[in-house]
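Residue-level listing of the chains:
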Amino acid sequence: MGNASRPHPDAGFSLIEVMFATAVLALIVAGLTQTVVSGQAHTYNALHEGRALSLGEALMDEVLTLGYTDPDGDTTPGPDSGETTRDTFDALDDYHGYTEAAGALTDPAGVAYPELHQKFERSVTAEYDTVNVAVFGGSRNVINITVTVAEPGRRSWTITRSVPEPAP
């Protein structure tokens, strides 16, 4: 006497069970993929921002190696007569208006930065100002140096330093 309604012990999954398991697996894989892609995007953005800030800090360091007072006595921001390239600048304010286009970024020696850094452009402004600093007993003249690193058509990063006039 056999029981015709009892399943055979070698029977597998039904088509519905296989389709349900496949759908669940697809959702899990999609969720994991989204997590990995999001993590990679965050890593790329952090590296990209790090490159931009390192370019800005490098140019700021270069500017800050120069003196506050121009040897020629000029107090107008921008390069003086005859100062046509950054290797001829002799004071902080000479960098005012200096720019480097994307694809043409170089270090102070004129060596091009690696390709990953060439997606950015850099510019410098130098502005004279007077600030009231109680610790110094009153007002003090400063030059505000601002280096901007930009990714053309997208975002930009700005670094600003105030350099006080040396005491007489």
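Here, every reference points to the structure presented above.
Residues numbered from 1 in each chain as written. Predicted model: local features only at pLDDT ≥ 70, side-chain atom pairs only at ≥ 80, totals over all residues. Heavy atoms only, no water.

**Q** So what's going on with the packing of aromatic side chains? Residues and values would help.
**A** Enumeration over the complete set of coordinates arrives at five aromatic pairs. Centre to centre, the rings of phenylalanine 89 and tyrosine 95 are 4.8 Å apart; their planes meet at 80°, and the pair counts as edge-to-face. By relative accessible area, tyrosine 95 is classed as buried at 2%. Ring centres of tyrosine 95 and tyrosine 98 lie 5.8 Å apart, and the angle between their planes is 75°; on these two criteria the pair is classed as edge-to-face. What makes tyrosine 98 buried here is its relative accessible area of 15%. Members of the aromatic cluster, each reached through a chain of ring pairs, are Phe89, Tyr95 and Tyr98. (Phe/Tyr/Trp six-rings, centres within 6.5 Å; stacked < 30°, edge-to-face > 60°. Buried < 20%, exposed > 50% of the residue type's maximum accessible area, 1.4 Å probe, protein only.)

**Q** Outline the side chain of arginine 51, listing residues and values.
**A** Here arginine 51 lies in helix 1 (residues 15-64). Comment: no salt bridge for buried arginine 51; closest opposite-charge side chain is glutamate 151, at 8.8 Å. The residues contacting arginine 51, other than those within four sequence positions of it, are Leu116, His117 and Phe120. (Helix = DSSP H or I, 4+ residues; strand = E, 2+ residues; numbered from the N terminus. Lys, Arg positive; Asp, Glu negative; His and termini not counted. Salt bridge = Lys/Arg side-chain N within 4 Å of Asp/Glu carboxyl O. Contact = heavy atoms within 4.5 Å.)

**Q** Run through the pattern of salt bridges, naming residues and quoting values.
**A** Tallying each qualifying case throughout the model produces six salt bridges. When the shortest N-O distance is used, the salt bridge between arginine 86 and glutamate 62 registers 2.8 Å. With arginine 86 in the loop between helix 1 and strand 1 (99-100) and glutamate 62 in helix 1, this pair connects stretches of sequence that are 24 residues apart. Using a relative accessible area of 10% as the deciding quantity, one classes arginine 86 as buried. Judged by relative accessible area, glutamate 62 falls into the buried class, the value being 11%. Arginine 86 serves as the salt-bridge partner of glutamate 100, at 2.8 Å between the closest nitrogen and oxygen. With glutamate 100 in strand 1 and arginine 86 in the loop between helix 1 and strand 1, this pair connects stretches of sequence that are 14 residues apart. Neither residue differs from the other here; glutamate 100 and arginine 86 are each classed as buried. Connected through shared salt-bridge partners, Glu62, Arg86, Glu100 and Arg122 make up one network.

**Q** Explain the nonpolar core residue by residue, including any values.
**A** Membership of the largest hydrophobic core comes to 22 residues, with the highest contact counts inside it found for Leu92, Tyr95, Phe120, Val124 and Ile145. Looking at this core, the elements with two or more residues in it are helix 1, strand 2 (121-133), strand 3 (138-150) and strand 4 (156-164). Ranked by the residues each element gives to this core, the list is headed by helix 1, at five residues. In this view, valine 124 contacts Leu59, Tyr95, His96, Gly97, Tyr98, Ile145, Thr146 and Val147; residues no more than four positions away in its chain are not counted. (Core = buried A, V, L, I, M, F, W, Y, C linked by side-chain atoms within 4.5 Å.)

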